[in-house]
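What follows is the residue order along each chain.
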Amino acid sequence: LDVAATVYNAGQTYHQQGELNKAMELYEEFLGIARARLGSKHRDVAIMLKCIAQIHHEQNKFEKAMELYTEALVAGREALGDEHPEVASIMNKIGNLYYEEGNFDAALKTYLEGLEVERSVLGEDHPNLTVTLTNIGQIYKHKSEYVLALKHYHEALTIQQKLLGSSHPNVATTLSSIGLLNYQRGHYDCALNVYQEVLCIRRSIFGDDHLDVASTLNSIGLVLFKLSLCEFALDSFMESLRIRQLLLGRDNRDVAIIMYNIATVHFDRGDEDEAMKFYRETLRIEQAALGHDHQDVVLTLQHIGQVYQQQGELTEALEYFEEALCTERKIYGSGSVKVARTLNHIGNIYLQKGSSKEAMRSFTEALRLFRQLGKSDDDLVIAGGDFYGMSLVHPECAPVA
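Residues numbered from 1 in each chain as written. Predicted model: local features only at pLDDT ≥ 70, side-chain atom pairs only at ≥ 80, totals over all residues. Heavy atoms only, no water.

Here we look at the packing of helix 11 (residues 211–226) against helix 12 (residues 230–248)
And step 1. Axis separation between helix 11 and helix 12 bottoms out at 8 Å; the angle between their running directions is 160 degrees. Taken together, the axes of helix 11 and helix 12 are roughly antiparallel relative to one another. The handedness of the crossing between helix 11 and helix 12 is left-handed. Contacts between helix 11 and helix 12 involve Leu211, Val213, Ala214, Ser215, Leu217, Asn218, Ile220, Gly221, Leu222, Leu224 and Phe225 from the first element and Cys230, Phe232, Ala233, Ser236, Phe237, Glu239, Ser240, Ile243, Arg244, Leu247 and Leu248 from the second.
And step 2. Residues belonging to the contact of helix 11 with helix 12 are distributed by class as follows: 15 nonpolar, 5 polar and 2 charged. (Axes fitted to C-alpha atoms, helices over the stretch in contact; angles between N-to-C directions. Helix = DSSP H or I, 4+ residues; strand = E, 2+ residues; numbered from the N terminus. Parallel < 35°, antiparallel > 145°, perpendicular 65-115°, else oblique. Left-handed = near helix turned anticlockwise from the far one by under 90°. Contact = heavy atoms within 4.5 Å. Nonpolar A, V, L, I, M, F, W, Y, C, P; charged D, E, K, R; others polar.)

In structure tokens form, the structure reads like this:
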């Protein structure tokens, strides 16, 4: 068994270094020794099955991983009983696997069972509980059950504050999740208060020029924008942009995200020239960082098109929407609802131009796709129901109106 222990430790070292095949070979050698000497219902067998399962899990071999995790759970319960930290650990691994597969109900059930075991054997204030509580909160967030999500995040926060104090990076991370939940619920004042607390913690730990500080400033900017405090939102976004450009360079995708947010605030305020400047820079960075065929590029192309449309420069607007449409067809296929909506929008620009034949062609294709996808005819939106008013703004479309 001393030899087996040496084999196990070597396997752990390879596993931590990411050399999974070497780790697997040693784990399986240890498992063979343990089963021969100790039998199949022993703690060491359960631990080794969990380790082997984890490698399959990391290799995205989910079916094999689940088989081994389940075998580990049976061995662990036989050897240790239902209420043991090792049993709780295996249950959490199973919950993680269900979560990654998108089976949120099964993941939630497993996490909740594991939480009860952890509380029974570790007490109410053990750091392991914060991981499980956070996992449960994350699932409730996915299920849009925000009250239950907040309950579990707050439980995790209480434990973290007891164990780590109020100014710890983990506390800031949990608070940030609570801020996001309040943002998603539309509780913007509460979200703002939480994010400001996160910002204070992160600045006190990391200083002003840190990516976590930049991320928090971006979140605060989004909340302020929702509260129609556009000037303050811009200040927050610009500071976030400064930090990200300093630390990441000017051509990083995360820089593009802030650029996009700044552009959107300018567009909302009616400052179309500034919006265009930032959208164009966003597009340049995205195409360099992500390539031309990416969903973020599509969104930016559409926003540039919207700015041109707002300015009445309809030919330029069509150019960008047509490019967005071409990219969407590459990404999603020609039968996507996103393609249908872009066609619908293109039809409205043609209508605005007074190009009735092209408008009808786009509307017809959009409607065909909506019907093919089981949508209602009402999903087709023909803008400018006030055709007389539209004809006054754009005289060239008066014949169609």
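Considering the packing of helix 15 (residues 295–310) against helix 16 (residues 314–332)
And step 1. At a minimum axis distance of 8 Å, the contact between helix 15 and helix 16 shows a crossing angle of 165 degrees. The angle between helix 15 and helix 16 falls in the class roughly antiparallel. As helix 15 packs across helix 16, the resulting crossing turns out to be left-handed. Along its contact with helix 15, which presents Gln295, Val298, Leu301, Gln302, Ile304, Gly305, Gln306, Tyr308 and Gln309, the element helix 16 presents Leu314, Glu316, Ala317, Tyr320, Phe321, Glu323, Ala324, Thr327, Glu328, Ile331 and Tyr332.
And step 2. Within the contact of helix 15 with helix 16, the residues separate by chemical class into 11 nonpolar, 6 polar and 3 charged.

A few points about the environment of Leu31
And step 1. For Leu31, the position within the fold is in helix 2 (residues 20–38).
And step 2. The exposure class of Leu31 is buried, given its relative accessible area of 8%.
And step 3. Taking the C-alpha atoms as reference points, Leu31 and Leu248, separated by 217 residues in sequence, lie 45 Å from one another.
And step 4. Contacts of Leu31, omitting those with residues within four sequence positions, involve Val45, Met48, Leu49 and Ile52. (Buried < 20%, exposed > 50% of the residue type's maximum accessible area, 1.4 Å probe, protein only.)

A closer look at the side chain of Thr174
And step 1. Within the fold, Thr174 resides in helix 9 (residues 169–185).
And step 2. In contact with Thr174, other than residues within four places in its own chain, are Tyr153, Leu157 and Gln160.

Quick notes on helix 18 (residues 356–372)
And step 1. With 17 residues, helix 18 should reach 24 Å at 1.5 Å per residue; the first-to-last C-alpha distance of 24 Å fits that figure.
And step 2. Of all the positions in helix 18, only Ala359, Ser362, Phe363, Ala366, Leu367, Leu369 and Phe370 are classed as buried. Viewed along the axis of helix 18, the buried residues span an arc of 160 degrees, placing them on a single side of the element. Turned more than 90 degrees from where helix 18 packs its buried face, Lys357, Met360, Arg371 and Gln372 sit exposed.
And step 3. For helix 18, the secondary structure elements touched by its buried residues are helix 17 (337–353).
And step 4. In the stretch just after helix 18, Gly374 is the one whose phi turns positive, near 80 degrees. (Expected span 1.5 Å × (residues − 1). Arc of directions from axis to C-beta.)

Some thoughts on the pattern of salt bridges
Opposite charge on two side chains allows them to pair when their charged atoms are near.
And step 1. One pass over the structure, following the stated rule, counts 25 salt bridges.
And step 2. Between Glu86 and Lys50 there is a salt bridge whose closest N-O contact spans 2.8 Å. Pair noted here: Glu86 is in helix 5 (residues 85–101) and Lys50 is in helix 3 (residues 43–58), with a separation of 36 residues, a long-range link. There is no split in this pair, since Glu86 and Lys50 are both buried.
And step 3. The partner of Lys330 in a salt bridge is Asp293, with the nearest N and O atoms 3.8 Å apart. Here the residue Lys330 occupies a position in helix 16, and Asp293 occupies one in the loop between helix 14 (272–290) and helix 15, the gap between them amounting to 37 residues. (Salt bridge = Lys/Arg side-chain N within 4 Å of Asp/Glu carboxyl O.)

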